[in-house]
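# Summary of the model geometry
Listed below, chain by chain, are the residues.
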Amino acid sequence: MEKYLSQLNDAQLEPTIQVNGPMIIIAGAGSGKTRVLTYRIAYLLSKGIDAFNILALTFTNKAAKEMKGRIADIVGDEAKNLWMGTFHSVFAKILRFEGHHLGYPSNFTIYDTQDSQKLMGAIIREMGLDKDIYKTKQVYSRISSYKNSLVTVKAYFKNPELMEADAMARRPRMGEIYKEYVDRCFKAGAMDFDDLLLRTNELLTRFPNVLAQYQDKFRYILVDEYQDTNHSQYLIVRALADRFQNICVVGDDAQSIYAFRGANINNILNFQKDYDDVKMFRLEQNYRSTKNIVGAANSVIEHNKTKIDKIVWTANVEGEKVIVHRAMTDADEGRYVASTIWETKMNNQLDNSDFAVLYRTNAQSRAIEDALRKRDLPYRIYGGLSFYQRKEIKDVTAYLRLILNSADEEALKRIINYPARGIGQTTLDRLVVAANATGKTIYDVIKEIDSISININNGTKNKLRDFITLIESYKVMNKTANAFDLAEHVSKTSGLVKELGKDGTPEGVTKMDNVQELLNGIKDFVEGQIELADAGDSLAEFLEDVALATDLDGDKGDPNHVALMSIHMAKGLEFGHVFIVGMEEDLFPSAMSMNTRSELEEERRLFYVALTRAEQQAYLTYTLSRYRWGKLIDAEPSRFIEEIDDEFVNIVTPLKERHNPMLDASIFDDVEPNKVRFKKPKTAKLQKKEAMKKPEKFIISTPKKLKRVKHAKVSDDSNAVDSKLTVGNTVNHQRFGRGQVIKLEGTGADAKAEIKFQNGDTKNLLLRFAKLEILRTKHD
DNA sequence: TGCACCGATGTTTTT
DNA sequence: CATCGGTGCA
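Structure report, in brief.

Quick notes on the rules
- Residues numbered from 1 in each chain as written.
- Chains lettered and ligands numbered in written order.
- Predicted model: local features only at pLDDT ≥ 70, side-chain atom pairs only at ≥ 80, totals over all residues.
- Heavy atoms only, no water.
- Helix = DSSP H or I, 4+ residues; strand = E, 2+ residues; numbered from the N terminus.
- Contact = heavy atoms within 4.5 Å.
- Areas by Shrake-Rupley, 256 points an atom, 1.4 Å probe, with all protein chains shown as cover.
- Phe/Tyr/Trp six-rings, centres within 6.5 Å; stacked < 30°, edge-to-face > 60°.
- Buried < 20%, exposed > 50% of the residue type's maximum accessible area, 1.4 Å probe, protein only.
- Lys NZ or Arg CZ within 6 Å of the ring centre and 35° of its normal.
- Near = heavy atom within 4 Å.
- Polar contact = N/O pair within 3.5 Å; in protein donor to acceptor, adjacent residues only side chain to side chain.
- Expected span 1.5 Å × (residues − 1).
- Patch = residues over 30% accessible without salt bridge, like charges linked within 9 Å, V, L, I, M, F, W, Y side chains within 5 Å.
- Salt bridge = Lys/Arg side-chain N within 4 Å of Asp/Glu carboxyl O.
- Lys, Arg positive; Asp, Glu negative; His and termini not counted.
- Charge placed at Lys NZ, Arg CZ, Asp CG, Glu CD.
- Pairing = 2+ DSSP bridges.
- Axes fitted to C-alpha atoms, helices over the stretch in contact; angles between N-to-C directions.
- Parallel < 35°, antiparallel > 145°, perpendicular 65-115°, else oblique.
- Left-handed = near helix turned anticlockwise from the far one by under 90°.
- Nonpolar A, V, L, I, M, F, W, Y, C, P; charged D, E, K, R; others polar.

Tallying secondary structure elements over chain A gives 30 helices and 24 strands in all. Considering only contacts within chain A whose residues lie at least 6 apart along the sequence, 75% involve residues at least 24 apart. Entry remark: accessible area of chain A is about 34300 Å², with carbon and sulfur atoms responsible for 50%.

Another aspect to go through is the packing of aromatic side chains. Applying the stated criterion across every chain yields a total of 20 aromatic pairs. Centre to centre, the rings of Y156 and Y178 are 6.3 Å apart; their planes meet at 90°, and the pair counts as edge-to-face. One end of the pair, Y156, is in helix α7 (residues 153-157); the other, Y178, is in helix α9 (residues 174-187), and 22 residues separate them in sequence. Each member of the pair, Y156 as well as Y178, is classed as buried. On the numbers, 5.9 Å between centres and 85° between planes, the contact of F588 with F607 is edge-to-face. In this pair, F588 sits in the loop between β15 (575-580) and α28 (597-611) while F607 sits in helix α28, placing the two residues 19 residues apart along the sequence. For the residue pair F588 and F607, the accessibility class agrees, reading buried in each case. One aromatic cluster is present, built from ring pairs that chain together Y146, Y156, F157 and Y178. One residue, R380, lies across the ring of Y382, its end atom 4.4 Å from the ring centre.

A few words now on the protein's contact with DNA strand C. The full set of residues close to DNA strand C is K131, R366 and W629. R366 has a polar side-chain atom sitting 2.6 Å from a phosphate oxygen of DNA strand C.

Okay, the environment of F271 next. Tracing the chain through its elements places F271 in helix α14 (residues 271-274). Residue F271 is classed as buried on the basis of its relative accessible area, which comes to 0%. Between the C-alpha atoms of F271 and W342, which are 71 residues apart in sequence, the distance is 46 Å. Not counting residues up to four positions away in its chain, the partners in contact with F271 are M23, I24, Y226, I247, V249 and V278.

Here α28 is 15 residues long and its end C-alpha atoms lie 21 Å apart, about the 21 Å a rise of 1.5 Å per residue gives. Most of α28 is tucked away: 15 of the 15 residues are buried.

A contiguous patch of negative charge on the surface is contributed by E318, D645, D646 and E647. Mapped onto the fold, E318 is located in the loop between β10 (313-314) and β11 (322-327). What makes E318 exposed here is its relative accessible area of 52%.

Turning to the pairing of strand β18 (residues 631-634), a few remarks are in order. As paired elements, strand β17 (residues 625-628) and β18 share four bridges and run antiparallel to each other. Residue pairing in the sheet places R626 in a bridge with I633 of β18. If you look at the hairpin formed by β17 and β18, you'll find two residues sitting between the two strands, and W629 has a positive phi there, around 50°.

Next up on the list: the sheet that holds strand β3 (residues 83-86). Sheet architecture is open: six strands sit in the order β3-β2-β6-β7-β1-β8, paired in parallel fashion. With one partner strand each, in any of the chains shown, β3 and β8 (279-283) form the two edges of the open sheet. Pairs of neighbouring strands in the sheet enclose a mean axial angle of 15°, with direction left out of account.

Close contact between helix α5 (residues 113-126) and helix α6 (residues 136-148) brings their axes to 9 Å; oriented N to C, the two are set at 115°. Classed by the angle they form, the pair α5 and α6 counts as roughly perpendicular. For the crossing formed where α5 meets α6, the hand is right-handed. Along the contact surface, α5 presents T113, S116, Q117, M120, G121 and I124, while α6 presents T136, K137, V139, Y140 and I143. Each residue belonging to the contact of α5 with α6 can be placed in one class, and the counts come to five nonpolar, five polar and one charged.

With that out of the way, let us pick up the pattern of salt bridges. One pass over the structure, following the stated rule, counts 49 salt bridges. In this structure, K394 engages D115 in a salt bridge whose closest nitrogen and oxygen atoms are separated by 3.0 Å. Taken together, the positions of K394 in helix α18 (residues 391-404) and D115 in helix α5 put the pair 279 residues apart, joining distant regions of the chain. Its salt-bridge partner being K571, residue D228 comes within 2.3 Å of it at the nearest N-O pair. You can see D228 sitting in the loop between β6 (220-223) and α12 (231-241) and its partner K571 sitting in the loop between α27 (567-570) and β15, a full 343 residues away along the chain. The exposure class of K571 is buried, given its relative accessible area of 8%. It is possible to trace a salt-bridge network through shared partners that takes in E126, E180, R184, E409, E410 and K413.

Pasting the structure below:
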């Protein structure tokens, strides 16, 4: 038997050497799942399975890279042939090869969130809609959730319930926006993040031969963090695994924290139903944390009802209790964190990198940063506005994008007048109108400006011609030069650098530095590619990396720093000492996530994730008042603090009495009481705001105990499907009023309820989107 | 068309 | 507080 296998305990060994068939590994926090995945792949290779036939989908590119490195340590060169990466990056690659079936160019652009939202904003404006009703962000998230549920434009217009839901939310023209958005993306040769998954599904569904080809290729499939896959990802995995059924998924339902972007915890809860003879493994021994931390985390997650029962335990030392600290303000909280790090470091001879500060929202980093700076503690912020999303960087990459794909509408709009060349909004509007009318791209309209009738004066036409000439000259250069030389040439000759140089402010200098850093990055990339000797189109590949890069991916600079990041970003990481700051009601749990039980449970899982990052010591801090929107706001300690069993916590400063002790988890039993009772009186403005909320949110309750996976109800969206709803329930609907459930049918996305309303109407409502509140159950 | 200034508005979380 | 979009003037 291979030597590395001796490093595994029995529970880990079993799934590692299970080669064939469907299997699920429920892996508690810190139980060594990465090790199992790594060794399992190494084991597959040692059994003669070709690396070309293995697909491993991870949650971050960094995780993929690290795992690949570890596998290479064991098996050597063969590892480089493995397909490993995030869903988005792996399928982006496949779509480069196969996108032509769907009418996409191989050099399609990937629109990031910013690009997508700008385009939607433009469409809303072009359609003359009220931007206060059609809020770009809400429209974006709505369309994103359609796409992640495989509701295409065609499917949308075939679905009266959906259209009605949007109409109810005062957005009857959602569908038109959706259609226009999809058309415009297609015309621009662009895919947004959701398209990378949706179009993959389209590809695999519409082209059976393509599906067969990839089924045959990916004979062994592994999916990490399966609890955070969305419906679209789920279908891709199912399709690919269908032929050989060698599918291994790993995850922990207690760590599902991405419902807001469509992740569906039921994918993992129901895995055993999806395949025959699923082998299930559990990893319950935690190797990471002390007994106190594991105990604290367990006692917190115990408050959730929707979960797979498992016992995470540890043989590690008892360690210190979780420390709870009260601070006056956020600045004070920062000082506490900084001074504690300082002292602990001194007393225990620790590195800066032994510490992490985790928060619920990125905006909280500022106060911590200030305090760390004052103590001269080096730190690094992960996430937030990533490097590639900064304006000056996006400006440069927009040029590169346009060179590669001149149909790219968002790139063109971004730079057609930056640096200023006298092409204003009016001109641009006219170009867009002409482009929409003729079906041509904006770039082509400008190119053919002389042969079409358009209300643009000659001076401006000349400027437009100059712009095209400039881009065309870059295109010529791109045929021979490498990405670095091109990017450097572009930033110099386009006037971008000159523009930044004019700005002598410290911010301007930083921007200049950033552009330089980008160029260095491109240089590294190009040189790396030369070494790899698979000289593809370096520019295209660089841009793809940029579009899908996360802040975790590039580890540059001095590694000995305190890490600052959101809890989401910390998933999968571990640190000796972890500070979880801002443990306050309305912040954590977030005020936006306390409306439904499932939302609150997700917040609690998030807290569980945060706690289990710590190896030695966890600190929780909260403030009595905090700056929010530039104003000092009163704060109260988070309910989550009280949810930890007393034996695991050390409350250094007496807990501030919570203002409203009625907000207790026990109130969520059975029917949720009218939540309005506990809230401050609403202003008219707030009420208006409420009315515009996403329609899919509604009050739900869940079964008392969900003991076994097998009994878990099949449902498609944990956030929206009410598994408690039964025939006979009395429910309240926002618009139709009170009614009784007559019939339930369908599961998951299709779950419907026939409801007879008091006004006599009987309606068939899609549970996913209907805003239902249970007033009375049958047995009351 | 471009720039300077103003007020409104908003913050979860990310590929 | 910071960003964005709108307005008004050169």
